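Report on the structure
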Amino acid sequence: MCGVVGYTGKRQAVDWLLDGLQTLEYRGYDSAGVQVVSPSGNLHGVKCAGRVAILRERAHTANLHGTCGIGHTRWATHGTPTDRNAHPHLDCTGRIAIVHNGIIENYQQLKRELMADGHEFRSDTDSEVVAHLVEEAWAGPARGDLAAAVRNACDRLEGSWALAVACADVPGELVVTRLGSPLVVASTDDGAYVASDVMPLSSVTSRVFQLDDRDIATLHADGSIDIVDRDGRLVSNPVAMEIDWDASAARLGGYSDFMAKEISEQPEAIERLLAGRLGKHGIELDELKLGKEELAALRHVVIIACGTSYHAGLTAKVAIERWAKIPVSVEYASEFIYDDDYLVPDHTLCVVITQSGETADTLAAARRMRGMGCDVFAITNVLGSTAAREADGTLYVQAGPEVAVASTKAYTAQMVASFLLALRLGFANGRLTRDEVEKHLHDLEQIPDLMREVLSRRWQDKQAARRFRHKGSSLFLGRNVSSATAFEGALKLKEISYLHAEAYPAGEMKHGPIALLEPGFPVVAVVPAGHVHDKTMSNIQECLARGASVIAVATDGDERVAKLCQEVLGVPNCPDDIIVPAVSVLHLQMLARYVARDRGYDVDKPRNLAKSVTVE
Ligand code: F6R
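As the structure is a computational prediction, the values presented were derived from the model and not from experiment.

Each value, and the rule that gives it
Residues numbered from 1 in each chain as written. Predicted model: local features only at pLDDT ≥ 70, side-chain atom pairs only at ≥ 80, totals over all residues. Heavy atoms only, no water. Pairing = 2+ DSSP bridges. Helix = DSSP H or I, 4+ residues; strand = E, 2+ residues; numbered from the N terminus. Axes fitted to C-alpha atoms, helices over the stretch in contact; angles between N-to-C directions. Contact = heavy atoms within 4.5 Å. Core = buried A, V, L, I, M, F, W, Y, C linked by side-chain atoms within 4.5 Å. Buried < 20%, exposed > 50% of the residue type's maximum accessible area, 1.4 Å probe, protein only. Right-handed = clockwise from strand over helix to strand, strands pointing away. Salt bridge = Lys/Arg side-chain N within 4 Å of Asp/Glu carboxyl O.

As a further point, take the sheet that holds strand β26 (residues 567-571). Pairing is parallel across the open sheet formed by five strands, whose spatial order is β23-β22-β24-β25-β26. A strand with exactly one partner marks an edge of an open sheet, and here the two such strands are β23 (500-505) and β26. Averaged over all adjacent pairs, the angle separating strand axes in this sheet is 15 degrees, with direction ignored. Set on the sheet, helix α16 (residues 458-465) makes contact with β25 (549-555) and β26; between it and β26 the angle comes to about 155 degrees.

Structural data, given as structure tokens:
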């Protein structure tokens, strides 16, 4: 979602601000803007609907000079994506500029009060109230102290925010703060930086500091940063975080798009995650932070997630129930938070799966589970994310930066991470012997090579993509653990190719969706070898009888599928059916990408979507 950047120091601010915003493009946005303090002590900037590339051109024409400034990419919530609603927003005097991520929930009330006091608003956003509140404080009780003015303004806000504020009267100073929306700062010889995540900062430093909720940081041009906590105390040892990946990990490195790069990085991501896991507890999972007795006492697991991460949760359920024999419920976070009647049995572990660690619904659900007395275990990809900070234990999936909005490598890594959790739980409660754990781990270790084999067959996906030409809809089918793969395949196709895709457990097709079928209608059937293979074949026959084109994801050597189906996306034999989803889904990721490219779409930045969904 929205992105914040800010800089004060020796270099021209606009250069890094624009580069930083470009790095944040992956979060999803619809407009962008920058504002710098000019050498003559005035604010000047540009903002526009559309891409950072357009902003760059406008900034070039406007010739923005100044060594202190802020920038923003906006994902519209309040007000349409237009030039006037883009950030930064200015106060009435034009000497204070703000950028904001999050939502100001009481903005209407504040706006009414501010307008009654004579403030003039120039946008339809909730964010603009902040500029006017800082203006009031600056003109009144906090004159000369920007940090105090920002604190004063924040005291009147309800909601969530990551804010960066520049004021032409204190050139060379930026004040930033957060509540519920991430913000990191970095101090370098060149100056001080702020951003809503570590991505833009990785080009200037490997060490960043996280702000806690309601911390107020003042960034100075000499690179120093003063942080004061919510009680007004100086924070002398802020939490430092090492960026442990090379900045090049977030660059294309020869690939045509990030989605292609990230799909191909999956084998290495899984290898990293599995390295060194076997130990005296069967599976070493210190990240869980629960002792053997607490683990053995668990009677129920609730998995909470959204979107693709929810699909990882569906596979996790199968693994935990099979290996640890513990019943699992998988819940959409957005539904769970408002389900007042939800019953949580004693000895329940809550597992939140979130690649970004910042999804507002998932965070709210995790807080609710903690409030109900459950331990919360987070499976996430982003170091120091809010989910990781708030959880009792965190397993980082170590997939590396995922820039394409559509999740691919984080998804398979989440699945494999949940397999490790299932093995750990099964060993702790005595359902699995050490030998069994070893055997399952050995099977998991086959995943990277199996993935490599599927990647080498991308030509099959390219060929199958032609079946979607000139089509308006499609159906994805699978049974048991493969139904999660079907759901994920349909989601991938929808989000990047804008083609309608309906996913159903294959046996449910006859209860409604079969009405969609007509000659040439594309049906993707996930039908690997296993105990439901023949049942799924019957569903494929039902599709073929109605003239549908069936694209089957099937195990190598499946002659029946090869004979009947129009396209086969072959999956090598897997040692255990539980790992098939982590391997077969690569075909569906590549298929979605080829269909989207065929239609001429930008696969990395699908319309309307955001990488981390920080609003409920
Ligand atoms: C789809 C996708 C989304 C996310 C969802 C949850 O490709 O990425 O469906 O899975 O927004 O995000 P996280 O995992 O960050 O909580």
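With that settled, the discussion passes to the nonpolar core. Judged by nonpolar contacts, the single largest core of 122 residues is most densely connected at Ile320, Leu425 and Leu444. Sorting elements by how many residues they give to this core places helix α13 (residues 409-428) first, with 13 residues. Core analysis: the second largest hydrophobic core is formed by 30 residues, Ile96, Val150, Leu163 and Val170 among them.

Taken residue by residue, a regular strand's side chains alternate between the two faces of the sheet. Of all the six residues making up strand β20 (residues 375-380), five are buried; the element is thus mostly covered by neighbouring parts of the structure. Examined bridge by bridge, strand β19 (residues 348-354) and β20 share six bridges and lie parallel to one another. Bridge pairing links Val351 to Phe377 in β20. In this view, the connection linking β19 to its parallel neighbour β20 by way of helix α11 (residues 360-371) has right-handed handedness.

Inspection of the entire model under this criterion finds 34 salt bridges. Among the salt bridges present, the one from Asp19 reaches Arg56, with a minimum N-O distance of 2.9 Å. Placement of the pair is Asp19 in helix α1 (residues 13-23) and Arg56 in helix α2 (residues 52-62), with a sequence separation of 37 residues. Its salt-bridge partner being Arg233, residue Asp231 comes within 3.2 Å of it at the nearest N-O pair. Bridged by salt links that share partners, the residues Glu268, Glu271, Asp449 and Arg452 form one connected network.

Function cannot be inferred from these measures alone, as they are strictly geometric.
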